[in-house]
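Here are the chains, one letter per residue:
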Amino acid sequence: RAVLTEEHDPYVAVDDLLLNAERRAAQGRYDDATARVYRAIELLAQIRLLAAHGIVTKNVDLARVPEGLRAELAARRDSEDEIKVGLLSAWRILAAYDRDPLGEWYQEREGRLRNWLNSRNSSILAHGLRPLDEAAWQSEGATGLDLCREALDRLAQAKQRKKHLRHRQFPRRELLTGLT
């Protein structure tokens, strides 16, 4: 947690994953791109929970969780007496806090995020058997990228992080033509 309280912007790791996903998509590696977007969305919630609320998702301290979720999470204790939460549970915890900018974002975008997750889950690199092609990336995969950037923008608007930079990706698709 000490690293998160320094002058560094911990959300840069999320930006980096999104930029990396764009590079994979430009290379035609759509399943890989989608997996990286998934991790970026998950990491965004993990960083926010730790930085703003002192919650570590691999072992949730119930005393730090809003009262309304404590009983539900307590029922998830594993054999090592730990409470681990995944992507959606992490976002639900954020949404339980009053005026958390990412929690509010999640409440507004939960349906779109769940739809994107359903699409992502059909990918061969997730739980499905379907390799994603360019059309699937454009219609489904890139939605997760847009959602994650919206959430990052919400943090910047709330002055909870520095406004992230938009970088032009290199190499671009036109530069990759003909390369193996």
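Everything in this summary refers to the structure shown in the same document. (Residues numbered from 1 in each chain as written. Predicted model: local features only at pLDDT ≥ 70, side-chain atom pairs only at ≥ 80, totals over all residues. Heavy atoms only, no water.)

### A look at helix H2 (residues 12-26)
The condition is simple: Going along the chain from the N terminus, every DSSP run of H or I of four or more residues is numbered as a helix, and every run of E of two or more is numbered as a strand. Multiplying 1.5 Å by the residue count of a helix minus one yields the expected span of that helix. Each residue gets one of three labels from its accessible area relative to the maximum for its type: buried under 20%, exposed over 50%, partly exposed in between, using a 1.4 Å probe on protein chains only.
Given a rise of 1.5 Å per residue, 15 residues ought to cover 21 Å, and the 21 Å separating the end C-alpha atoms of H2 matches this to within 8%. Looking at H2, one finds that the buried residues are Val14, Asp15, Leu17, Leu18, Leu19, Asn20, Ala21, Arg24, Ala25 and Ala26. Downstream of H2 by one or two residues, Gly28 has phi in the positive range, about 80°.

### Some words on the packing of helix H4 (residues 67-74) against helix H5 (residues 87-96)
For clarity, the threshold we go by: The convention used is that axes are lines fitted to C-alpha atoms, helices contributing only their stretch in contact, and that angles between N-to-C directions extend from 0 to 180 degrees. Angle categories are assigned with fixed cut-offs, so that under 35 degrees is roughly parallel, over 145 is roughly antiparallel, 65 to 115 is roughly perpendicular, and the rest are oblique. Each crossing gets its hand from how the near helix is turned against the far one by less than a right angle, where anticlockwise is left-handed and clockwise is right-handed. We call two residues in contact whenever any of their non-hydrogen atoms come within 4.5 Å of each other. Polarity classes work like this: nonpolar for Ala, Val, Leu, Ile, Met, Phe, Trp, Tyr, Cys and Pro, charged for Asp, Glu, Lys and Arg, and polar for all others, with Gly in that last group.
For the pair H4 and H5, the least separation of the axes is 9 Å and the interaxial angle reads 155°. On the basis of their axis angle, the class for H4 and H5 is roughly antiparallel. At the point where H4 passes H5, the crossing takes the left-handed sense. In this structure, H4 uses Leu69, Glu72 and Leu73 to contact H5, whose residues at the interface are Arg92, Ile93 and Ala96. Taken together, the residues of the contact of H4 with H5 sort by class into four nonpolar, no polar and two charged.

### Some words on the packing of H2 against helix H7 (residues 134-157)
When two helices pack together, their arrangement is given by the angle between the helix axes and by the axis-to-axis distance. One can describe the packing of H2 onto H7 by two numbers: an axis separation of 11 Å at closest approach and a directional angle of 160°. Between H2 and H7, the interaxial angle falls into the category roughly antiparallel. H7 is crossed by H2, and the crossing has left-handed handedness. Every residue of H7 that contacts H2 at Val14, Asp15, Leu18, Leu19, Ala21, Glu22 and Ala25 is listed here: Trp137, Leu145, Cys148, Arg149 and Leu152. A class-by-class count of the residues in the contact of H2 with H7 yields nine nonpolar, no polar and three charged.

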